[in-house]
Amino acid sequence: MKKRSFLSLITLLFCCLTTQAQNKKWTLEECVKYAIQNNISIKQTELDSKTALIDKKGAIGNFLPSLNANASHSWNIGLNQDITTGLLQNQTTQFTSAGANVGIDIFRGMQNQNTLRRANLSIIAAKYQLLKMQEDIALNVANAFLQVLFNKENLKVQKQQLDINEKQYARSDELVKAGSIPRGDLLDIKATVASNNQNIIAAENVLLISKLSLAQLLQLKDFENFDVVDDSDFSDENNIMAQTANAIYDKAIEGRTELKIARTNLEIAEKNVAIAKGAYQPTLQGFYSFNSRVAYSDRVTGVAPNTANPTSVVGFVEGTNQNVLSPNFTRVLGGPSPFFDQFSNNKGQSFGAQLSIPIFNGFSARNNVERSKVSLERSKIAVEQQDLDLQRNVFTAFADAKGALNAYESSVVALEARQGAYNYAKEKYDVGLMNSFDFNQSQTLLTNAQSEVLRTKYDYIFKIKILEFYFGIPLIKN
C-alpha cells in the first residue's frame, strides 16, 4: 500500500513538472539571453573568433625556430658498384641516412612583428563582430517579441468584439420578436458575428506565425508550446526622449560597435601595408644541420682492392657479422654493432647564417605593396562611410521615435472619441433610432481604433529601444 502511494506521488510530481514546463512563458530578457547562447549566426561568428586565435598562434610560431628531422633507407638490387672493391657486380646494396635541420629567422623586415600585431587586431575585430551580431540578434528578438505581444492583444480585442456582437445579436433577436426593429437588422448583426469569427481565426494564425518566428530566432524546437508573458512593462524609464539627436549621436560615436569594427579594420589594413613593405628589406636566417649515413652490401666477392681510391664505407660478408678488412677503407669499424657504429663515425654537422637581399622579383613585392595601399584607402573610406551611416541612422531613429510617439498619442485620442461615438450609437440603436448598418459601421471604426492604438504603442516601444541602443543602454540588464 505504501509502495502504491509512493508511485502515485512520483507520478503526480512528474505531471506537475511537465505541465509547468509546457506553461512556461518567456520574458524578453530570457528570450534575448537564450538567443545569444543558441542562435546559429552567433555560433558561426564565434568560430571566426576561434580562427583569429589560431592565426595568432601561427604568428607567434614565426618567432620560434623550425626543427625538422629526416631519414631514408634504400635498396639497390642488380649490377651495382661493390662498396669494398669499387667494381661493378650483381649484388644488393643498402644505404641508410638520417639528419636534422634547425632554422630561425634573425631578421625578416619586421614582417613577423607586424604579422603578430595584425593577428592581435584581428582578434579584437572578431570580438567586435561577435558583439555586433549579438546586438543585432537582440534587436531582432525584441522586435519579434513585441510583435507577439501586439498580436496577442489584437486577438483579445477581436474576442472582446465578438463577445459584444454576440450579446448584441441576442438583444436584437429580442427586439425583432418585440417588433421594435426589422428582421433585416438581425441578419446584419448575424453577418457581423460571422465576420468576427473569421477575424479571430485570422488573428490566431498571425499570432501563431509570430510565435514561430520568435522561436526560430531562439532556435527552439518545441515552438508549439512556446509563449511569452502578457504583462511586459516597456515604459520609457530611461527618458531617452529627453535627449537631443546630437547628444545621442555623440554618445553613439564613442561606443557603437560597427564604428569600432571599421576602425579596427583600418588598423589591420595599415599592418598589411607594413608587412608588404617588409619584402623590400633583406632577410637573415640562421641554420644548423646534422646528418649521418650507413652503407653496406649483403654480399662481397674477393676482388683486389684499389688502394688509390680509398673509401670510408664498411662492407659485410654475407652470412657473417665480420667486417671486411680492406685497404679500400680509410677507417675500419669494429665492435659488436658495426651498423650503429657507422652512424657515429659518419656523422657531420654544418651551421651558419644566410643573407638574402631582394633585387628584382618581377614587381611582385611592389605590386603587393600597392594592393595593400588600395585596401588601406578602402578601409579609410569605410570608416568615413560608417560614420555617415551612423549619423543618418541616429537622426532617423530619433525622428521615427518622435513620430511614433505622436502617432500613439493621436491614436489614444481617436480611440476615446470612437468609444464615445460607439456608446452613443449603441444607445440610439437600442431604442430603434439607428439602423444596423450604421451601428455596425460605428462598431468597425471602434475596432480599428483599438487596433491602431495597439500598433502605434508597440511601434513606439520598439523605436525607443532603438534609440536606447544607439545611446549605449543595453537591451537587457546583465
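Quick caveat, the model's predicted, so the values are computed rather than measured. (Residues numbered from 1 in each chain as written. Predicted model: local features only at pLDDT ≥ 70, side-chain atom pairs only at ≥ 80, totals over all residues. Heavy atoms only, no water.)

Turning to the packing of aromatic side chains, a few remarks are in order. Enumeration according to the criterion identifies six aromatic pairs in this entry. Seen in terms of ring centroids, Trp26 and Phe226 are 5.9 Å apart; in terms of plane orientation they differ by 55 degrees. Their pairing is tilted. Here Trp26 is found in the loop between α1 (2-22) and α2 (28-38), whereas its partner Phe226 is found in the loop between α5 (183-217) and α6 (245-255), with 200 residues between them in sequence. With relative accessibility at 12%, the residue Trp26 sits in the buried group. The exposure class of Phe226 is buried, given its relative accessible area of 4%. Linked through ring pairs, Trp26, Tyr34 and Phe226 together constitute an aromatic cluster. The side chain of Arg256 reaches across the aromatic face of Phe469, ending 4.1 Å from its centre. (Phe/Tyr/Trp six-rings, centres within 6.5 Å; stacked < 30°, edge-to-face > 60°. Helix = DSSP H or I, 4+ residues; strand = E, 2+ residues; numbered from the N terminus. Buried < 20%, exposed > 50% of the residue type's maximum accessible area, 1.4 Å probe, protein only. Lys NZ or Arg CZ within 6 Å of the ring centre and 35° of its normal.)

Glancing now at the nonpolar core. Counting residues in hydrophobic clusters, the biggest one holds 55 residues, and the most contacted among them are Val141, Leu214, Leu218 and Phe226. Put simply, the parts of the chain that give this core at least two residues each are α2, α4 (111-178), α5, α6, α9 (364-430) and α10 (436-471). Take this core: its biggest share by element is 15 residues, from α4. Beyond its immediate stretch of four places on either side in the chain, Phe226 contacts Trp26, Cys31, Lys211, Leu214, Ala215, Leu218 and Leu220. (Core = buried A, V, L, I, M, F, W, Y, C linked by side-chain atoms within 4.5 Å. Contact = heavy atoms within 4.5 Å.)

Among the surface-exposed residues, Leu355, Ile357, Ile359, Phe360 and Phe363 lie close enough to one another that they form a single nonpolar patch of about 630 Å² accessible area. Within the secondary structure layout, Ile359 lies in the loop between β4 (348-356) and α9. For Ile359, a relative accessible area of 82% puts it in the exposed group. (Patch = residues over 30% accessible without salt bridge, like charges linked within 9 Å, V, L, I, M, F, W, Y side chains within 5 Å. Areas by Shrake-Rupley, 256 points an atom, 1.4 Å probe, with all protein chains shown as cover. Salt bridge = Lys/Arg side-chain N within 4 Å of Asp/Glu carboxyl O.)

Here Ser372 shows up in helix α9. The class of Ser372 is buried, set by a relative accessible area of 13%. Setting aside its immediate chain neighbours within four residues, Ser372 contacts Asn272, Val273 and Ala276.

This is a description of form; function is not addressed.
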